[in-house]
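Listed below, chain by chain, are the residues.
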Amino acid sequence: MALIADGKSNATIAAELNLSEHTVKRHVANILMKLDLPSRAAAAAFAVRQTGPDGP
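Residues numbered from 1 in each chain as written. Predicted model: local features only at pLDDT ≥ 70, side-chain atom pairs only at ≥ 80, totals over all residues. Heavy atoms only, no water.

With phi around 55°, Asn18 is a residue other than glycine that occupies positive phi space. Tracing the chain through its elements places Asn18 in the loop between α2 (10–17) and α3 (21–34). The class for Asn18 is exposed, based on a relative accessible area of 71%. The phi torsion at Asp36 lies on the positive side, around 55°, for a residue other than glycine. Position of Asp36 among the secondary structure elements: in the loop between α3 and α4 (40–51). (Helix = DSSP H or I, 4+ residues; strand = E, 2+ residues; numbered from the N terminus. Buried < 20%, exposed > 50% of the residue type's maximum accessible area, 1.4 Å probe, protein only.)

A few words now on the nonpolar core. Grouped together as the largest cluster of nonpolar side chains are nine residues: Ile4, Ile13, Ala14, Val24, Val28, Leu32, Leu37, Ala42 and Ala43. For this core, the secondary structure elements donating two or more residues are α2, α3 and α4. No other element matches the three residues that α3 contributes to this core. Setting aside residues up to four positions removed in sequence, Ile13 forms contacts with Leu3, Ile4, Lys8, Val24 and Arg40. (Core = buried A, V, L, I, M, F, W, Y, C linked by side-chain atoms within 4.5 Å. Contact = heavy atoms within 4.5 Å.)

What follows is about the pattern of salt bridges. One pass over the full model with this rule turns up one salt bridge. The shortest N-O distance in the salt bridge between Glu16 and Lys8 comes to 2.6 Å. Residue class for Glu16 comes out partly exposed when judged on its relative accessible area of 45%. With a relative accessible area of 25%, Lys8 lands in the partly exposed category. (Salt bridge = Lys/Arg side-chain N within 4 Å of Asp/Glu carboxyl O.)

Right, let's get into α4. Between its first and last C-alpha atoms α4 spans 16 Å; for twelve residues at 1.5 Å apiece the expected length is 16 Å, and the two agree. Elements in contact with the buried residues of α4: α1 (2–5) and α3. (Expected span 1.5 Å × (residues − 1).)

In this model, the protein carries an average pLDDT of 91, and 91% of its residues clear a pLDDT of 70 or more. The least confident element of the protein is α4, whose mean pLDDT is 90; the most confident is α2, at 98. (pLDDT = per-residue confidence, 0-100.)

Okay, the environment of Ala42 next. Looking at where Ala42 falls in the secondary structure, it is placed in helix α4. On the basis of relative accessibility, which here comes to 18%, the residue Ala42 falls in the buried class. With 28 residues separating them in the primary sequence, Ala42 and Ala14 have C-alpha atoms 20 Å apart.

Next comes the structure, spelled out in structure tokens:
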């Protein structure tokens, strides 16, 4: 979620975590579904609200 909140693309996240882009895409889709969020932007806002402006 933090990487999504940082505005990183699936390709960038995949490279940073040494995963395939498909795996990241699937994980992001699962996160959105489980948290009932409509978009990556909503996920980013959710992540910021959960951690606060100064981090966890």
